[in-house]
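Per-entry structural report
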Amino acid sequence: MKAIKINKPDEIIIDEIEKPVPKKGEALLKIKYCGICGADVASYTGNQPFTTYPRIPGHEFSAEIAEIGENEYGLKVGDIVTANPYFNCGTCYSCNRGIVNACTDNQTMGVQRDGSFCEYVAMPIERIIPGKGLSAKELALIEPFSISCHALSRCEVKEGDNLLIMGAGPIGLFALLKAKAMGAKVMIADLLDNRLALAKEYGADRIVNTKNENLLEAAEEFTDGNMFDVTVEACGQPETFLNCIDCSATGANVILIGNGKRNTEFLHSILLKKELNVFGSRNAYTKDFKELIDLVAAGGADVLKMVSGVYDMDNASEAFEALAHNDGSLAKLLIRIDKEECEK
C-alpha cells in the first residue's frame, strides 16, 4: 500500500509499505481523509521534539471498516468511522486514575508511532468510533474538535457565561463552536482578519483584532466591566496567556490548550489576588469524540466551513508546504487518501 512519510525534516515521500494484517481484537480500516494537524506540520519542519524519522504522520482521520470480526460494539464492514488515536499504556499512575489522555507513556499516532497518512491501518476495535451518518470529510475533523471539547470540559461553563478565546486558528474556532453550543457569550481575539471573519460566521458575539483594538477595553465593554468568567488560551504564546489572566474576572477559570515553546514570566501573585483556577488540557477522551459526532449529526456545528482545501495523496508535500508557510489564510487542510472519494 501507499504511505505518506516524512522522511526527514522538510522532505515528504510517497512510499510503498506492507499492508497491515489485523491481529486479534483489531480491525482493518481503509483510510478516507486525513487532516493535517499542527503537530504534523511541526514534524515536517523539524520542530516536533517527540518525532523520530522516518515517520508516517496523521491522527485526524476518517475510514471505512474493511475487515472486522465479531465484536460487542455493533461495528461491521462498510461502516464509516473515526478512532481515538492516543494510545495509552494502561498501567501508569495516570492510566490507573482514569487520566488516560495524559498517560505518562502516551503514544499519539503520527508522532510517537506511525499514523494515518496511509491507505490502511490496523486499529484496536475498542478505539473505533461509529460515524453515525456523518460524511468522511466531517469525521476527519472530529479529532481536532475533540481537543477543544475536552478543554472546555476541564471546568464548568454555564449558559450565559462570558467567555474569551485568544486565538482564532482551528483549535480556537472549534472551541468557539463548542462554547456557543454550551450557551456561552463568546469574544474571540486574533491578529488576522480572515480568521476573525470565520469566527463571526461561527457565531462569535464579538471579534477583536488586537493589532487594531485594545483588548482590555473591548473586554470591559463586552462584559460590562466584570471581565470574563472563562478564558481560553489557544495560541501557546506567553502574551496570550497573560492576556487571559488580565481579562479574567475574580474566581474565573483559565483554560490552556495552546502548546507553547517560549517561557512565560509573570508575577504569580495575580493568580492569588484574583483567586483564579488554571486548567491544562491534553488530548481528549473517546467520550469527547462521541459527544461531538452527536452534536454535528444534530446540526449543531458546521465543521466543513473549517476546510480550506483538499489535496490528493500524491500532492501531500504541497499541502504541508502550504501550512508550513501559512499566512493565516488557511484553517484545515485535508488529504484525500481514498481515490474513490474523488467521485463522490
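Above this text is the structure in question.
Right, let's walk through the structure included here. Please read these numbers as outputs of a predicted model, since none were measured by experiment. (Residues numbered from 1 in each chain as written. Predicted model: local features only at pLDDT ≥ 70, side-chain atom pairs only at ≥ 80, totals over all residues. Heavy atoms only, no water.)

**What about the pairing of strand 13 (residues 228-233)?**
Going by this rule: Categorising residues by exposure relies on relative accessible area from a 1.4 Å probe, with only protein chains included: less than 20% of the type maximum marks a residue as buried, more than 50% marks it as exposed, and the intermediate range marks it as partly exposed. Only DSSP runs of H or I reaching four residues or more are called helices, and only runs of E reaching two or more are called strands; each is numbered from the N terminus. Here, any two strands with at least 2 DSSP bridges between them count as paired. Convention used here: a crossover is right-handed provided that the path from the first strand, over the helix, to the second strand proceeds clockwise when the strands point away from the viewer.
Counting buried positions over the six residues of strand 13 gives five, a clear majority of the element. In this structure, strand 10 (residues 162-166) lies alongside strand 13, joined through four bridges in parallel fashion. Its bridge partner lying in strand 13, I165 is registered against V232. In this sheet, strand 14 (residues 248-256) lies alongside strand 13 in parallel orientation, the contact comprising five bridges. The residue bridging T231 from the neighbouring strand is V254, located in strand 14. Read from strand 13 through helix 8 (residues 238-247) to strand 14, the crossover connection turns out right-handed.

**Section: the packing of helix 4 (residues 142-152) against helix 5 (residues 170-181)**
Selection criterion: For helices, the fitted axis covers only the stretch in contact; all axes are lines through C-alpha atoms, and the angles between them, taken along N-to-C directions, range from 0 to 180 degrees. Note on terminology: angles under 35 degrees are roughly parallel, angles over 145 are roughly antiparallel, angles of 65 to 115 are roughly perpendicular, and the others are oblique. Here a crossing is taken to be left-handed if its near helix is turned anticlockwise relative to the far helix by less than a right angle, and right-handed if that turn runs clockwise. Contacts: residue pairs with any heavy atoms within 4.5 Å of one another. Three categories are distinguished: nonpolar for Ala, Val, Leu, Ile, Met, Phe, Trp, Tyr, Cys and Pro, charged for Asp, Glu, Lys and Arg, and polar for the others, with Gly belonging to the last.
Relative to each other, helix 4 and helix 5 sit at 60°, their axes nearing to 8 Å. Between helix 4 and helix 5, the interaxial angle falls into the category oblique. For the pair helix 4 and helix 5, the sense of crossing is right-handed. Facing P144, F145, I147, S148, C149 and L152 of helix 4, the residues of helix 5 in contact are I171, F174, A175, L177, K178 and A179. When the residues that make up the contact of helix 4 with helix 5 are grouped by side-chain class, the tally is 10 nonpolar, one polar and one charged.

**A closer look at helix 8**
Along helix 8, the residues classified as buried are P238, T240, F241, C244, I245 and C247. At its buried positions, helix 8 is contacted by strand 10, helix 7 (215-222), strand 13, strand 14 and helix 9 (269-274).

**Some thoughts on the environment of L295**
Mapped onto the elements, L295 comes out in helix 10 (residues 286-297). With relative accessibility at 18%, the residue L295 sits in the buried group. For the pair L295 and C155, spaced 140 residues apart in sequence, the C-alpha separation works out to 20 Å. Sequence-distant contacts of L295, defined by excluding residues within four places in its chain, comprise F145, A181, G300 and A301.

**Description of the nonpolar core**
The condition that has to hold: To qualify as a nonpolar core, a set must consist of buried Ala, Val, Leu, Ile, Met, Phe, Trp, Tyr and Cys residues joined through side-chain atoms within 4.5 Å.
Grouped together as the largest cluster of nonpolar side chains are 49 residues, with contacts concentrated most on F145, L163 and L173. Contributions of two or more residues to this core are made by helix 3 (136-139), helix 4, strand 10, helix 5, strand 11 (185-190), helix 6 (193-201), strand 13 and helix 10. What L163 contacts, discounting residues up to four positions off in sequence, is L152, V157, A179, A184, K185, V186, M187, F228, V230 and V232. One finds I56, F61, C118 and L323 within the second-largest nonpolar core, a separate group that totals 38 residues.

**Section: the packing of aromatic side chains**
How two aromatic rings sit relative to each other is set out by the distance from centre to centre and by the angle between their planes. To keep it simple, the criterion reads: Centres within 6.5 Å are what make two rings of Phe, Tyr or Trp a pair, Trp counting through its six-membered ring; a difference in plane orientation under 30 degrees is then read as stacked, over 60 as edge-to-face, and the rest as tilted.
What the rule picks out here adds up to six aromatic pairs. Measuring from ring centre to ring centre gives 5.5 Å for Y44 and F320, while their planes differ by 55°; the resulting arrangement is tilted. One end of the pair, Y44, is in helix 1 (residues 38-45); the other, F320, is in helix 11 (residues 316-324), with 276 residues separating them in the sequence. Assessed through its relative accessible area of 4%, Y44 is described here as buried. Overall, F320 belongs to the buried group, its relative accessible area being 0%.

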